[in-house]
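Secondary and tertiary structure notes
Chain by chain, the residues run as shown.
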Amino acid sequence: MSFSDLFGSGEHLRNLSHFASIVNLAAVDGEINDDEELLLKRFARKLDISQEEYDRVIENPKAFPLSSYNSVERRLERLHDLFRIIFADHIIDDEETELIKRYAIGLGFSSQASEGIIKRSIQIFSGQLNFEDYRYLLEKEAE
């Protein structure tokens, strides 16, 4: 039975893949501690991961390896998907930000690039665009 047969397809499959990647990153330094577990449960809720799926991923995170992409566009697309989900409740905290940074590095961005992308993404998703960026996006849309 394939991964997609177990968990469905489309958007939910992408969400499950995001979640499994995040669990892998949380478990990279050994066992998942209580603080990480609380954060993972928050991500599971935001990603609409069922308890059965949660348990399966937590039980064996190595069965769900982090996919890396050669294309910067594909990596940004994965981060964009994740930011859309995280910002569904209009909140991102320091723990989520740190885990997303690790996720970005896992996707293949450098540490420095990850920090810049995440900082800018938080500004964009939280509506903190400056006027020049706002104008640029409006003009880009008009093209």
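This write-up is about the structure you can find in this document. Because the structure is predicted, anything quoted here is derived from the model rather than measured. Starting afresh in each chain, residues are numbered from 1 along the sequence in its written order. Residue-level local features of this predicted model are given only where pLDDT is at least 70; pairs of side-chain atoms are given and counted only at 80 or more, and the full residue set underlies all totals for whole chains, interfaces and linings. Only hydrogens and water are removed before side-chain values are computed, so all heavy atoms of the structure are retained for them.

Side note on the side chain of Glu96
Comment: elements are numbered from the N terminus, with helices defined as DSSP H or I runs of at least four residues and strands as E runs of at least two. For Glu96, the location among the structural elements is in helix H6 (residues 94–107). Under the relative-accessibility criterion, Glu96 is labelled buried at 1%. Between buried and exposed lies partly exposed: a residue is buried under 20% and exposed over 50% of the maximum accessible area for its type, with that area taken using a 1.4 Å probe on protein chains only.

So, the nonpolar core
One finds Phe19, Leu79 and Ile100 to be the most contacted residues of the largest nonpolar core, which totals 31 residues. Looking at this core, the elements with two or more residues in it are helix H2 (10–27), helix H3 (34–46), helix H4 (51–59), helix H5 (72–86), H6 and helix H7 (111–125). Ranked by residues supplied to this core, first place goes to H2 with 7 residues. Not counting residues within four places of it along the chain, the set of residues in contact with Leu79 comprises Ile100, Tyr103, Ala104, Leu107, Phe109 and Ile117. Take the buried Ala, Val, Leu, Ile, Met, Phe, Trp, Tyr and Cys residues and link them wherever side-chain atoms come within 4.5 Å; each set so joined is a nonpolar core. The criterion used for residue contact is that any of the two residues' heavy atoms lie within 4.5 Å.

Overview of the packing of aromatic side chains
Under the pairing criterion, centres of Phe, Tyr and Trp rings, with the six-membered ring standing for Trp, must be within 6.5 Å; the plane angle then separates stacked pairs below 30 degrees from edge-to-face pairs above 60, leaving the rest tilted. Using the criterion set out here, one finds 2 aromatic pairs in the structure. Considering the side-chain rings of Phe83 and Phe125, the 5.6 Å spacing of their centres and the 20° angle between planes classify their relative orientation as stacked. Separated by 42 residues along the polypeptide, Phe83 in helix H5 and Phe125 in helix H7 bring together distant segments of the chain. Residue classification places Phe83 among the buried residues on the basis of a relative accessible area of 1%. You can call Phe125 partly exposed: its relative accessible area is 26%.

Digging into H5
What a helix should span is 1.5 Å times the count of its residues minus one. Between its first and last C-alpha, H5 extends 21 Å over 15 residues, near the 21 Å set by a 1.5 Å rise per residue. Buried within H5 we find Arg75, Arg78, Leu79, Asp81, Leu82, Phe83, Ile85 and Ile86. On the buried face of H5, the contacting elements are H2, H3, H6 and H7.

Some points on H3
Here H3 is 13 residues long and its end C-alpha atoms lie 19 Å apart, about the 18 Å a rise of 1.5 Å per residue gives. Burial in H3 covers these residues: Glu36, Leu39, Leu40, Phe43 and Ala44. Angularly, the buried residues of H3 cover 145° about the axis, an arc narrow enough to put them on a single face. H3 presents Asp34, Asp35, Leu38 and Arg45 as exposed residues on the side facing more than 90 degrees away from its buried surface. On its buried face, H3 is in contact with H2, H4, H5 and H6. Regarding H3, its N-cap is Asn33, as a side-chain oxygen of that residue lies 3.0 Å from the backbone nitrogen of Asp35 further along. Note on H3: the residue one or two positions beyond its end, Asp48, has a positive phi of about 60°. The arc refers to the directions leading from the helix axis to the C-beta atoms. Here a polar contact means two N or O atoms within 3.5 Å. Within protein one must be a hydrogen donor candidate and the other an acceptor candidate, and residues neighboring in sequence count only if both atoms are side-chain atoms.

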